[in-house]
Amino acid sequence: MYNYIKALHIIFIVTWFSGLFYMVRLFIYNTEAGEKPEPERKILRGQFSVMIRRLWLSITWPSAILTLIFGPWMLYLMGSVPIWLWIKMGFVLGLYVYHFSLQVIYRQQLKGVFRYSSGQLRIWNEVATIFLVAIVMLAAVKQNMSWAWGLTGLLVFVVLLMSAIKIYKVIRTGKKNG
């Protein structure tokens, strides 16, 4: 039974992350649609609103809920919780906080409120990547991971990721001006 629950847990983690990654991309596109002239702006925003609503309510939220059901079910079947799993659950808690932050942006954008620039949303999109790396590394390496090297690796990854975002922005800005 444990392996079936674990498989379902992994499936819903994958679909949840897929929804989180694509959701913020849609937020970015919806925000950038505001720079378009009418009637293009209205058409794009209408289409993005439909896509955002469908993705959030039919894939992302159900996947987050099912992940939350199958994860504790696995813990129950395991019997005991090793230290690495407590740390992983801390990152998972952070991921749910991130999910709820997207819920706020979701509601704002559907009301026509755009508080964040596309650049800010691009950076926010990478927060899910950081959680993904931390959670998968903990799940795969478990107690064999050196905490010092694990944290160092995560920090190096974050620095490289943020550097890549800045480089992309310079290239993108250069293409617009060129």
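In the block above lies the structure referred to throughout.
Note that the structure is a prediction, hence the values are computed from the model and not measured.

(A) Spotlight on the overall build of the protein. If you tally the helices and strands in the protein, you get five helices and zero strands. Overall, the C-alpha framework of the protein stretches about 60 × 35 × 20 Å when taken along its three principal axes. For the protein, the residues scored as buried account for 33% of the 178 residues in total. Across the protein, contacts joining residues at least 24 apart in sequence account for 81% of those joining residues at least 6 apart. Accessible surface, the protein as shown: approximately 10,800 Å² in total, 70% of it carbon and sulfur. On the protein, the mean spot of the 19 positive side-chain charges and the mean spot of the 5 negative ones are 10 Å from each other.

(B) Quick look at the packing of aromatic side chains. A full pass over the atoms with the stated rule returns ten aromatic pairs. Where Tyr 29 meets Phe 48, the ring centres are 6.1 Å apart and the plane angle is 35°; that geometry is what we call tilted. Placement of the pair is Tyr 29 in helix α1 (residues 2–33) and Phe 48 in helix α2 (residues 40–78), with a sequence separation of 19 residues. For Tyr 29, a relative accessible area of 32% gives the class partly exposed. Owing to a relative accessible area of 13%, Phe 48 belongs among the buried residues under this scheme. Where Phe 70 meets Trp 73, the ring centres are 5.8 Å apart and the plane angle is 10°; that geometry is what we call stacked. Of this pair, Phe 70 and Trp 73 both sit in helix α2, separated by three residues, roughly a single helical turn.

(C) Highlighting the pattern of salt bridges. All told, the structure shown has two salt bridges when counted by the stated rule. Put simply, Glu 32 and Arg 122 hold a salt bridge, and the shortest N to O gap is 2.5 Å. Taken together, the positions of Glu 32 in helix α1 and Arg 122 in helix α4 (residues 118–141) put the pair 90 residues apart, joining distant regions of the chain. You'll find Glu 32 and Arg 122 in the same group, each marked buried. Here Arg 41 ties to Glu 38 by a salt bridge, and the two come within 3.5 Å at their closest N and O atoms. Accessibility expressed as a relative area gives 48% for Glu 38, which makes it partly exposed.

(D) The arrangement of the nonpolar core in detail. The biggest cluster of nonpolar side chains holds 25 residues, and the ones touching the most others in it are Leu 20, Val 24, Phe 27, Leu 95, Tyr 98 and Leu 102. Mapped by element, the contributors of at least two residues to this core are α1, α2, α3 (83–110) and α4. Residue contributions to this core peak at nine residues, all from α1. Not counting residues within four places of it along the chain, the set of residues in contact with Tyr 98 comprises Leu 20, Val 24, Trp 124, Asn 125, Val 127, Ala 128 and Phe 131.

Basis of the calculations
Residues numbered from 1 in each chain as written. Predicted model: local features only at pLDDT ≥ 70, side-chain atom pairs only at ≥ 80, totals over all residues. Heavy atoms only, no water. Helix = DSSP H or I, 4+ residues; strand = E, 2+ residues; numbered from the N terminus. Buried < 20%, exposed > 50% of the residue type's maximum accessible area, 1.4 Å probe, protein only. Contact = heavy atoms within 4.5 Å. Areas by Shrake-Rupley, 256 points an atom, 1.4 Å probe, with all protein chains shown as cover. Lys, Arg positive; Asp, Glu negative; His and termini not counted. Charge placed at Lys NZ, Arg CZ, Asp CG, Glu CD. Phe/Tyr/Trp six-rings, centres within 6.5 Å; stacked < 30°, edge-to-face > 60°. Salt bridge = Lys/Arg side-chain N within 4 Å of Asp/Glu carboxyl O. Core = buried A, V, L, I, M, F, W, Y, C linked by side-chain atoms within 4.5 Å.

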